[in-house]
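# Structural overview for review
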Protein chains: 2
Amino acid sequence: MIELVTAASNTTLKRLRSLHEKKYRQREGLFLAEGLRICTEALDSGWVPEILLFAEGRSDQPLIRRLLHATLDGSGGKPGRVIETTPALLAKITGKANPQLVVAAYAPRTRSLERLQPGARMLVAEQLRDPGNLGTLLRACDATAASALILLDACADPTSVEAVRASMGACFTVPCVMASSAAFVQWKQTRGIRLLGAALDPRAGDYRAADYTAPVLLMVGNEAHGLPAALRDACDDLVIMPMRGRADSLNVAMAGTLLLYEALHAQERQAATLSQPGPNPPATAQSG
Amino acid sequence: MIELVTAASNTTLKRLRSLHEKKYRQREGLFLAEGLRICTEALDSGWVPEILLFAEGRSDQPLIRRLLHATLDGSGGKPGRVIETTPALLAKITGKANPQLVVAAYAPRTRSLERLQPGARMLVAEQLRDPGNLGTLLRACDATAASALILLDACADPTSVEAVRASMGACFTVPCVMASSAAFVQWKQTRGIRLLGAALDPRAGDYRAADYTAPVLLMVGNEAHGLPAALRDACDDLVIMPMRGRADSLNVAMAGTLLLYEALHAQERQAATLSQPGPNPPATAQSG
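Notes on the structure follow.

Mapping chain A onto chain B is achieved by rotating through 180° and translating by 0.0 Å along the same axis, at an RMSD of 0.0 Å. Expressed as a symmetry operation, the mapping of one chain copy onto the other fits a two-fold axis. Take the interface residues of chain A: 100% of them recur as interface residues in chain B, which is what a same-surface contact looks like.

This part takes up the sheet that holds strand β5 (residues 102-106) of chain A. All names here are of chain A. Strands sit in the order β1-β4-β3-β5-β2 across an open sheet of 5 strands; the sheet is mixed. The open sheet has two free edges, formed respectively by β1 (2-5) and β2 (31-34), since each of these has just one partner strand. Taken pair by pair, the neighbouring strands of this sheet meet at an average axis angle of 25°, ignoring direction. Pairing between strand β3 (residues 51-55) and β5: 4 bridges, direction antiparallel. The residue of β5 that forms the bridge with Phe54 is Val102. Across the sheet, helix α4 (residues 62-73) is in contact with β3, β4 (81-85) and β5; its angle to β3 comes to roughly 155°. Along the sheet, helix α5 (residues 87-94) contacts β2, β3, β4 and β5; its crossing angle with β3, the most-contacted strand, is approximately 130°.

Right, let's talk about the sheet that holds strand β1 (residues 2-5) of chain B for a bit. Residues and elements named next belong to chain B. Taking strand neighbours across the sheet as the criterion, the 5 strands line up as β1-β4-β3-β5-β2 in an open arrangement whose pairing is mixed. Each edge of the open sheet carries a strand with a single partner, namely β1 and β2 (31-34). Within the sheet, the average angular offset between the axes of one strand and its neighbour, ignoring direction, is 25°. Strand contacts of helix α1 (residues 11-18): β1, β2, β3 (51-55), β4 (81-85) and β5 (102-106), with the helix running at about 100° to β3, the strand carrying the most contacts. Contacts between helix α5 (residues 87-94) and the sheet are confined to β2, β3, β4 and β5, with β3 contributing the most and set at about 130° to the helix.

What counts and how
Residues numbered from 1 in each chain as written. Chains lettered and ligands numbered in written order. Predicted model: local features only at pLDDT ≥ 70, side-chain atom pairs only at ≥ 80, totals over all residues. Least-squares fit on C-alpha atoms with pLDDT ≥ 70 in both. Contact = placed C-beta atoms within 7 Å. Pairing = 2+ DSSP bridges. Helix = DSSP H or I, 4+ residues; strand = E, 2+ residues; numbered from the N terminus. Axes fitted to C-alpha atoms, helices over the stretch in contact; angles between N-to-C directions.

Right, here's the structure in full:
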């Protein structure tokens, strides 16, 4: 059943507007995503809205129709709610002048470090405070097929409207894990995964010369303070990007993106080398 | 002379607050930068404030003292104004909860394409709308010693508070040039400089395989629409970054950063090769 809502005072609309604030996201167990493209990509990645809002008179748009049916069918047998409303009320929920055709509320998925399956490359960010940087890093993780973003200690909320927006849908494809620094270091040591940290540190070498053999954890630090000493000490290798200007550091999202692409390139080169028999196989292999 | 201002109704403070809006920046011929570190870096790069504000009782802080004297001496013989005020009024100008020790207003420097001296690598952005992305790209230009950021058509204002903040002082070290697409294409052709554009285009090749021989122009497009067809056609080469996830594009600041670093690395490799005499100099050189 599609509900029609045209009053700004509607309780559900008020609840959805409140999701701009972290305490209400936690209370409701919901977060917002906006836009037909991102909500469709979310559906393709297995995310079904708990509540779907769409612009009145647009239920025949094929993608909206698909989202609408998926929401009413629900995930895991629990049907969601579908609300048809005015563009003005949609704009009020997103807080943007240009209203989107759809806005949807989803239940967040929390993953623990213990249950994370290590992939070839994973990004780790410590005390990342800016939700825009967080979203941009999720997008870079998606682009480089990194298997997770691990957020240490007090980071921005990956389900905030700003982070979801900046991620351009990558929040639905890249698993986000939250952990304390201490738990993370213990996990990394138990699993025996190499940790490579970007830091202004006398021990740091050029990021292009590092060993990115899979699996590898790539770590960046807080916007203002970088990585704390304890986390730098926990790294197997410290790296730095060449700085040829006046400033001594890059924006954290830029540093993370450069590391992720360097790891992707290095790992793809290694895979290509391994899969191609060389022109001269090692002598021992021939004589064995 | 240091003026003491403690009233929020002060005309100069009101003027400075108005600089958050583009029309007042244009009317006043001033833009804002905040923070002792950035204002000191600006001074080191030859930028003297027209108006300097600092937190009351802090005139003995060595860096503030230096900024204060530089402002009173003025640049080009025209002395600036120095205002001592309360942390609360400073916070009101920046609009941030944590007040800075200093806030300064500078006269923007406009550069024309005609007078731009081409460097080894320059970044070009077309219809870049987000001031945060603009600032981040200025920071990437500084980090890779790119000689200019060229902004085509309707871009965000590089002197906006958000762009200056995101640039972390790079707005004082990287020249910004504004031009129309048409004027830019004509300039590039007259000067004979290679133009390399990042675009989702069937003609685009892997960005690591491109020719970055100096001088080179690296171009990125609008956040939502990428580069328009006319600008893609004006490129000598089109490139793309590997996309291994669900999304088909990177954030424009990330794409620009990857291109700038790739150009820096390629040009530094070329310079190293040229400066080292090879083990076997060319035969013609020996026989000539």
